[in-house]
Amino acid sequence: MTAKTMDELVALCKRRGFIFQSGEIYGGLQGMYDYGPLGVELKNNLKRAWWNAMVYENDNIEGLDAAILSNPLVLKHSGHEDTFSDPMVDCKSCQARWRADLVEDSKCPACKSTDLTDPRPFNLMFKTSVGPVDDGKSFAYLRPETAQQIFTNFKNVVDSTAKSLPFGIAQIGKAFRNEITPRNFIFRVREFEQMELEFFVVPGTDEEWHNKWVKSRVNWWEDQGVPESSLELYEVPGDELAHYSKRTVDIMYKFPHGVEELEGIANRTDFDLGSHTKNQDELEISADVMPNKASNSKLAIQDIETKKWVVPYVIEPSAGVDRGILAILNESYEVQELDSGKERTVLHLKPHLSPIKAAVIPLKKNNEDLVKTASDLKKALQKLNLGRVVLENSGNIGKSYRRHDEIGTPLCITIDFDTLEDGSATIRDRDSMKQERVSLDLIPEYLTKVINS
Ligand code: ATP
């Protein structure tokens, strides 16, 4: 299984309506993609699976949905204004700009000129003006990670939910980075979504929690159909660590273009809470933080027994939604040679991720009795709230099967003339292509079982 090339996935995504180039009718905008009718379902299902695993399965994890535009002071004190940059070089010959690590043998990758500038830092944050007058002074950043608003809301969440350590705050949302070289479809884009957990722990227990989260995240990806055998753990070397990190383990996946990061799990220590806190001198902060005269809040938690204020350490599993979608599409993609000599393209998506859970197909197009029975069944299945169920009134069973195989629909249910007599329908399984006859009133239970399997 898996696609042979990225192009196969790109073509499927466009053909079937998963992902389109953004602003395509005007030539597109580099590093931006739009999710189509099936893409939005797949994406929502993946985000829901993460939210369930984090927030609903753990009573010590709360959710958050914070603003995207960020007060510059937040990103100043988080260290992003000074350090969130990639070194890059300009080609003086063709004016192309490259990330320094992509330039081999000091030659411009485009025109091969060796007339290049020295590497210079390029800040990756997008800025926008706020308010009616663009005077350059009132601006905000589009957040480069969702994490900072979790830190700045730390006290709000603690005070409103009465949490004690260890506990976490989870958030899913857009992040923006002005990547110098967006590439490889939705792998490296300028606008993307992250699923981030900030898990606050007692200092000293951080290393143990870090290892626990690495294991737990690998297991979660397995549950989404990305097997451990396609993943590698990468211990980020000291000189490549982000400015806030004591240790980072990246979960790497074999994307069609190579092995690259799918999720990063960082030990951010007490750097962020310490950085955003007032009266830093009164607290024990181990990280090297910038003095903060602007914050009016103490981002610490009081130990119930000793009454001492503690600045927690933070373990952060940070996963990219878009990279997750790419990995899942790649893992589930298969082109099969059938005995008939024909090819069948199938997405073996885990049923909970499938954009469409079941297609109900009347054998004959526009036949009143068949369509009415199919429509009643569709309504009953839709009410189960398992995800989208469609009525496929095309009259072409073969074509419907092919389409639903290719978009990963687990079950196709055909309503034929026997259904009108015996009250049962034919259910075809996407993966085995086996068909079985099931009584209409048992189909809701059948579908529920398949989707929750
Ligand atoms: P990379 O080294 O590939 O640039 P990173 O280490 O900068 O990634 P993090 O800051 O750890 O990435 O962000 C956490 C997650 O957010 C990544 O594991 C990835 O899934 C996602 N992500 C980061 N940058 C992008 C991007 N430009 N496009 C799509 N997803 C991204």
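What comes next is a walk through the structure. (Residues numbered from 1 in each chain as written. Predicted model: local features only at pLDDT ≥ 70, side-chain atom pairs only at ≥ 80, totals over all residues. Heavy atoms only, no water.)

In terms of regular secondary structure, the protein chain is built from 13 helices and 24 strands. By principal-axis analysis of the C-alpha atoms, the protein chain measures approximately 80 × 65 × 50 Å. Taken across its 453 residues, the protein chain has 51% of its residues classed as buried. If you take every contact in the protein chain between residues at least 6 apart in sequence, the share linking residues at least 24 apart comes to 64%. Accessible surface, the protein chain: about 21800 Å² in total, of which carbon and sulfur atoms supply 48%. Averaged over its 56 positive side-chain charges, the protein chain has a centre that lies 4 Å from the centre of its 71 negative ones. (Helix = DSSP H or I, 4+ residues; strand = E, 2+ residues; numbered from the N terminus. Buried < 20%, exposed > 50% of the residue type's maximum accessible area, 1.4 Å probe, protein only. Contact = heavy atoms within 4.5 Å. Areas by Shrake-Rupley, 256 points an atom, 1.4 Å probe, with all protein chains shown as cover. Lys, Arg positive; Asp, Glu negative; His and termini not counted. Charge placed at Lys NZ, Arg CZ, Asp CG, Glu CD.)

Before going further, it helps to examine the sheet that holds strand β20 (residues 356-362). Spatially, the 5 strands line up as an open sheet ordered β21-β20-β22-β23-β24, and their pairing is mixed. A single partner strand is all that each edge strand has here, and the edge strands are β21 (388-391) and β24 (435-439). Neighbour-to-neighbour, the strand axes of the sheet open up by a mean angle of 25 degrees, direction not taken into account. Bridging between strand β22 (residues 411-415) and strand β23 (residues 424-429) involves 4 bridges; their strand directions are antiparallel. Bridge pairing in β23 links Thr 414 to Thr 426. (Pairing = 2+ DSSP bridges. Axes fitted to C-alpha atoms, helices over the stretch in contact; angles between N-to-C directions.)

Below, the discussion takes up the sheet that holds strand β4 (residues 69-70). The 3 strands lie next to each other as β4-β9-β8, forming an open sheet whose pairing is antiparallel. The strands lining the two open edges of the sheet, one partner per strand, are β4 and β8 (126-129). As judged from the 2 bridges shared by β4 and strand β9 (residues 139-142), these two strands associate in the antiparallel manner. The residue of β9 that forms the bridge with Ser 70 is Tyr 141.

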